[in-house]
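Read off the chains here:
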Amino acid sequence: MSNPSLLILAGDGIGPEVMTEVKRVIDWFGAKRDLAFDVEEDLVGGAAYDKHGTPLHDDTMAKALQVDAVLLGAVGGPKYDALDFSVKPERGLLRLRKEMDLFSNLRPAQCFDALADFSSLKKDIVAGLDIMIVRELTSGVYFGEPRGIFEEGNERVGINTQRYTESEIDRVARSAFELARRRGNKVCSMEKANVMESGILWREVVQKVHDTDYPDVELTHMYADNGAMQLVRAPKQFDVIVTDNLFGDILSDCAAMLTGSLGMLPSASLGAPNADGRPKALYEPVHGSAPDIAGQGKANPIACILSFAMALRYSFDQGDEAARLEAAVEKVLADGVRTADLLGEEGVTPVSTTGMGDAILAALDASL
Ligand code: NAD
């Protein structure tokens, strides 16, 4: 049997710096856990534009469609701000998401105890928090037609259309229920069925998928505005939240910030399962290319490392090894190791990106 395959697209700014630490972690699993990957690397974003004049070369796109999972660092930077919209670094990422048809975006909001003081909420409200927001990523009001700014009488009107088909709702609901079965077995679906027809359909379809195929999972429905309130009032009531593209965009950012630094937040975007049952998958930290600290060895690699942990769990069915990696990160934080973005306590000297990688590898060694 060949090894599972990974395509690494480190990208721009701090992307290559944090990805260097992920590669060390990948090598560790190959050497110490007999879990080797066939890793290929390529360019995306500004780095691809510099070489090929396009933020994602067709050959790279073809590779992304073939591998078992793609790991991406970050794209963008001031050097590329003046480029035409069609070749901006972000277009490379959008093309990957579109052509891989990644309709289910998973954004965990997990609060490590050692960082509970970083949250803007009271410690007891966030300590131990572990929720997952599943956002529909390829449809809804960001894509619906008609859209545009039109003349109407003697003024202009801006139009966007919230549009969901039953099959689009069905597939993202399934992805949330599957996920819940591997976690706390609870799904809360959020929409605005009180004022939007698309919300009524959303609620009906999610309920039907549940009743037909996932009756063992606890399902509740909530209006998205109440969901936003509940997320900051009592976030620990949730396990998996499933919602549409627009509400998911807002609610996942809100939930993520419950937990502190941008340098800590991983994500996964999943598509339909292939013949072998693995979904098409792209794993990436939530943060961008952080041009203000790029090249200085200050970037926190944890978001990217935790994105690889998600790959272990969701693409490679290695939940125990994912938990080992997450526990190593937790131990390092509990030991007080901090990159500069995590400084809060007095008298702590920050470690570099590599220093954080070293500490996580040492904790992995200690886990054996
Ligand atoms: P950003 O996430 O790059 O940075 C925001 C702030 O958080 C900065 O102060 C940065 O130093 C800090 N930060 C981010 N990640 C960090 C880490 N791992 N460790 C320590 N500190 C970290 O967002 P931005 O500044 O708005 O955007 C910069 C560039 O990144 C832009 O070109 C933007 O378009 C792009 N971007 C890309 C993605 C992506 O690749 N998915 C996402 C967001 C922004």
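Residues numbered from 1 in each chain as written. Predicted model: local features only at pLDDT ≥ 70, side-chain atom pairs only at ≥ 80, totals over all residues. Heavy atoms only, no water.

If you look the protein up in an unreviewed UniProt entry, it shows as 3-isopropylmalate dehydrogenase from Pseudosulfitobacter koreensis. In UniProt, the protein has this text filed under Subcellular location (unreviewed entry): "Cytoplasm". The protein has a UniProt comment under Function (unreviewed entry) that states "Catalyzes the oxidation of 3-carboxy-2-hydroxy-4-methylpentanoate (3-isopropylmalate) to 3-carboxy-4-methyl-2-oxopentanoate. The product decarboxylates to 4-methyl-2 oxopentanoate." (UniProt positions renumbered as here; feature names shortened; annotations may be inferred.)

Glancing now at the domain arrangement of the protein. Here the protein is described as being made up of domain 1 (1-112 + 262-368) and domain 2 (130-258). The distance between the C-alpha centroids of domain 1 and domain 2 comes to 26 Å. Taken residue by residue, the interface counts 18 residues in domain 1 and 19 residues in domain 2. In total, domain 1 and domain 2 occlude about 1700 Å² of area from one another, counting both sides; carbon and sulfur atoms represent 55% of this. Of all residues in domain 1, Phe103, Arg107 and Ala109 give up the largest surface area on contact with domain 2, accounting jointly for 39% of the area buried on that side. Summed over the shared surface of domain 1 and domain 2, the number is 2 salt bridges. The set of elements that each furnish at least two residues to the side of domain 1 that touches domain 2 consists of strand S4 (104-110) and helix H10 (302-314). It is S4 that contributes the most residues to the side of domain 1 that touches domain 2, 7 residues altogether. Partitioning the side of domain 1 that touches domain 2 into residue classes produces 9 nonpolar, 4 polar and 5 charged. (Domains from an automatic or database assignment. Contact = heavy atoms within 4.5 Å. Buried area = accessible area lost by both parts, 1.4 Å probe. Salt bridge = Lys/Arg side-chain N within 4 Å of Asp/Glu carboxyl O. Helix = DSSP H or I, 4+ residues; strand = E, 2+ residues; numbered from the N terminus. Nonpolar A, V, L, I, M, F, W, Y, C, P; charged D, E, K, R; others polar.)

UniProt records the feature "binding site: substrate" (unreviewed entry) at Arg97, Arg107, Arg135 and Asp225, using the numbering of this structure. For the annotated residues, spread through 129 residues, the largest C-alpha to C-alpha distance comes to 27.5 Å, inconsistent with a single compact locus. Lining of the largest pocket among the annotated residues: Arg97, Arg107 and Arg135. Secondary-structure assignment places Arg97 in helix H4 (residues 89-99). (1 Å grid on protein atoms, 1.4 Å probe; cavity = no way out; pocket = protein on both sides within 12 Å on 5 of 7 lines; lining within 4 Å.)

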